[in-house]
Amino acid sequence: MTHPPRISVAGAGSIGCFVGGLLADQGHDVRFLGRSSTVAACATHGLRLTDYSGLDVHLRAPKVSNSAAQSLGGADIVLVCVKSGDTAQMGAQIAEHAPDAVVISLQNGVANAACLRDLLPHHDVRAAMVPFNVVPTGPGAYHRATSGDILFEAGPLPDLDAPTLRWRGHPDIAGVQWGKLLINLGNAVNALADIPLLEQLQDRRWRRLMADQMAEALRVLKAAGITPLKSTAAKPQVIPHILRLPTPLFRLIAAQMLTIDAQARSSMWDDLNRGRKTEIDALQGAILDLAARYGRQAPLNARMHALIRAAEAEGEGPPGLSPGDIRP
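### Considering helix α2 (residues 36-45)
Okay, step 1: Those residues of α2 that sit buried are Thr 38, Ala 41 and Cys 42. Along the axis of α2, the buried positions cluster into a sector of 95°, meaning they face one direction only. Turned more than 90 degrees from where α2 packs its buried face, Ala 43 and Thr 44 sit exposed.
Okay, step 2: Looking at the buried side of α2, the elements it contacts are α1 (14-25), β3 (47-51), β5 (63-65) and β10 (141-144).
Okay, step 3: Once α2 ends, the next one or two residues include Gly 46, with phi positive near 75°.

### Overview of unusual backbone geometry
Okay, step 1: The residue Asp 194 is not glycine, and still its phi comes out positive at about 60°.
Okay, step 2: Its location among the elements puts Asp 194 in the loop between α7 (186-193) and α8 (197-201).
Okay, step 3: The exposure class assigned to Asp 194 is partly exposed, which follows from its relative accessible area of 31%.

### As for the sheet that holds strand β4 (residues 56-59)
Okay, step 1: Ordered by their spatial adjacency, four strands build an open sheet running β4-β3-β10-β9, and the pairing between neighbours is mixed. A strand with exactly one partner marks an edge of an open sheet, and here the two such strands are β4 and β9 (134-138). Between one strand and the next, the sheet's axes are offset by a mean angle of 20°, whatever the strand orientation.
Okay, step 2: Looking at chain direction, β9 and β10 are connected through four bridges and run antiparallel.

### Looking at the sheet that holds strand β12 (residues 167-170)
Okay, step 1: Across the sheet, which stays open at both edges, the eight strands sit in the order β5-β2-β1-β6-β7-β8-β11-β12 with mixed pairing between neighbours. What marks the edges here is a single partner per strand, and that holds for β5 and β12. Pairs of neighbouring strands in the sheet enclose a mean axial angle of 25°, with direction left out of account.
Okay, step 2: Of the strands in this sheet, β1 (6-10), β2 (29-33), β6 (77-80) and β7 (102-105) touch helix α4 (residues 87-97), which is tilted by about 170° from β6.

### Considering the nonpolar core
Okay, step 1: With 47 residues, the main nonpolar core has Ile 287, Met 304 and Ile 308 as its most contacted residues.
Okay, step 2: Per-element tally for this core: the top contributor is helix α9 (residues 204-223), with nine residues.
Okay, step 3: Apart from residues no more than four positions distant in its own chain, Ile 287 is found in contact with Trp 178, Leu 181, Leu 185, Ala 217, Val 220, Leu 221, Ala 298 and Asn 301.
Okay, step 4: In this structure, Ile 7, Cys 17, Val 64 and Ile 77 belong to the second largest nonpolar core, which totals 34 residues.

### Some words on the packing of aromatic side chains
Okay, step 1: Per the stated rule, a full pass over the model turns up two aromatic pairs.
Okay, step 2: Here the guanidinium or amino end of Arg 144 rests over the ring plane of Phe 132, the centre of that ring lying 5.3 Å away.

### Examining the side chain of Gln 107
Okay, step 1: Among the structural elements, Gln 107 can be located in the loop between β7 and α5 (112-119).
Okay, step 2: The buried category is assigned to Gln 107, whose relative accessible area is 6%.
Okay, step 3: At 2.8 Å, the side chain of Gln 107 and the side chain of Thr 87 are in polar contact.
Okay, step 4: For Gln 107, the side chain forms a polar contact with the side chain of Ser 105, separated by 2.7 Å.
Okay, step 5: Discounting residues that sit within four places of it in the chain, Gln 107 has contacts with Val 80, Cys 81, Val 82, Lys 83, Ser 84, Thr 87, Asn 112, Leu 116 and Ala 128.

### Notes on the pairing of β1
Successive side chains on a regular strand alternate, one facing one side of the sheet and the next facing the other.
Okay, step 1: Among the five residues in β1, five count as buried, and that is most of the element.
Okay, step 2: Burial along β1 is two-sided: the face carrying Arg 6, Ser 8 and Ala 10 and the face carrying Ile 7 and Val 9 are both buried.
Okay, step 3: One ladder, built from five bridges, connects β1 with β2; its direction is parallel. Bridge pairing in β2 places Ala 10 opposite Leu 33.
Okay, step 4: Handedness of the crossover joining β1 and β2 through α1 is recorded here as right-handed.
Okay, step 5: With four bridges joining them, β1 and β6 adopt parallel strand pairing. What sits directly across from Val 9, in β6, is Leu 79.

Reading guide: rules and limits
Residues numbered from 1 in each chain as written. Predicted model: local features only at pLDDT ≥ 70, side-chain atom pairs only at ≥ 80, totals over all residues. Heavy atoms only, no water. Buried < 20%, exposed > 50% of the residue type's maximum accessible area, 1.4 Å probe, protein only. Helix = DSSP H or I, 4+ residues; strand = E, 2+ residues; numbered from the N terminus. Arc of directions from axis to C-beta. Contact = heavy atoms within 4.5 Å. Pairing = 2+ DSSP bridges. Axes fitted to C-alpha atoms, helices over the stretch in contact; angles between N-to-C directions. Core = buried A, V, L, I, M, F, W, Y, C linked by side-chain atoms within 4.5 Å. Phe/Tyr/Trp six-rings, centres within 6.5 Å; stacked < 30°, edge-to-face > 60°. Lys NZ or Arg CZ within 6 Å of the ring centre and 35° of its normal. Polar contact = N/O pair within 3.5 Å; in protein donor to acceptor, adjacent residues only side chain to side chain. Right-handed = clockwise from strand over helix to strand, strands pointing away.

Any functional reading would require information beyond the geometric quantities listed.
Given below as structure tokens:
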């Protein structure tokens with residue numbers, strides 16, 4: 001690539017706006033493909049990015065459009081940030097409008113990069129893992145509430161680092177993605193609880209529920225011969241034990257693993273709050289698929305899956321359940 005890369009964000013939601021916005025703030029040519037509501041919000045308010053460390057960036061005129069041709073056309077790099085259920089549709093749009101782009105999936109779950117490779121056999125498609133949480137705080141405003149670096153499938157890329165956002169190549173991105181999926185199983189817990197994540201983590205009853213769900217999933221992965229790698233400072237196999245610790249000891253250890261502020265909530269909570277379909281099939285659903293394939297049981301993951309599906313059907317937002325409501 002002999003010219004500065006043109007970067008397209010395919011899916012201007014919370015992660016897409018935050019990551020793309022920081023790249024634009026560093027001087028990259030970034031274009032965003034988003035919903036009409038996002039286009040209108042950014043046209044009126046610009047794009048405001050904040051985080052737990054005091055970051056405060058305001059882009060007054062981000063290039064946001066709901067036209068795939070305008071946002072994807074001529075792209076050298078496409079950052080795919082849509083929900084897992086929209087991956088196939090986005091892949092078709094990339095094939096039409098960005099035939100020479102490197103495609104990087106910044107999505108939850110473990111199957112999206114493979115889906116994109118099937119649809120884009122002549123593209124360089126990379127899986128990646130975004131460890132941090134981003135929450136919308138107003139029209140065109142997004143707040144990063146937890147810490148971490150983006151890990152991507154190793155290979156040549158232009159320098160995308162910023163002072164507040166690092167990109168690091170990793171030789172086993174599949175293992176990292178499975179490790180992140182285990183962490184993301186907590187998204188459903190947070191969505192059902194309808195409380196800030198930090199508040200939830202201060203309550204041992206919630207942590208035990210999260211630990212039991214994760215331990216159940218780890219047993220399924222072991223049966224499937226899958227070794228998840230860490231996406232935080234601790235190995236996935238250790239995290240259930242840390243979650244079960246008494247709260248004072250948990251606080252000491254957790255403070256060394258992850259930075260999190262009081263605004264953090266899960267993306268699944270945001271989906272229920274906005275009346276959108278969640279990614280439960282790409283998270284708990286992936287564990288249930290493996291359990292069925294290898295003759296294992298995962299009743300707590302099945303319970304989470306069923307409760308999120310019920311909340312989606314009711315369309316009344318996060319249901320505000322207690323740990324006792326959720327236990328099967």
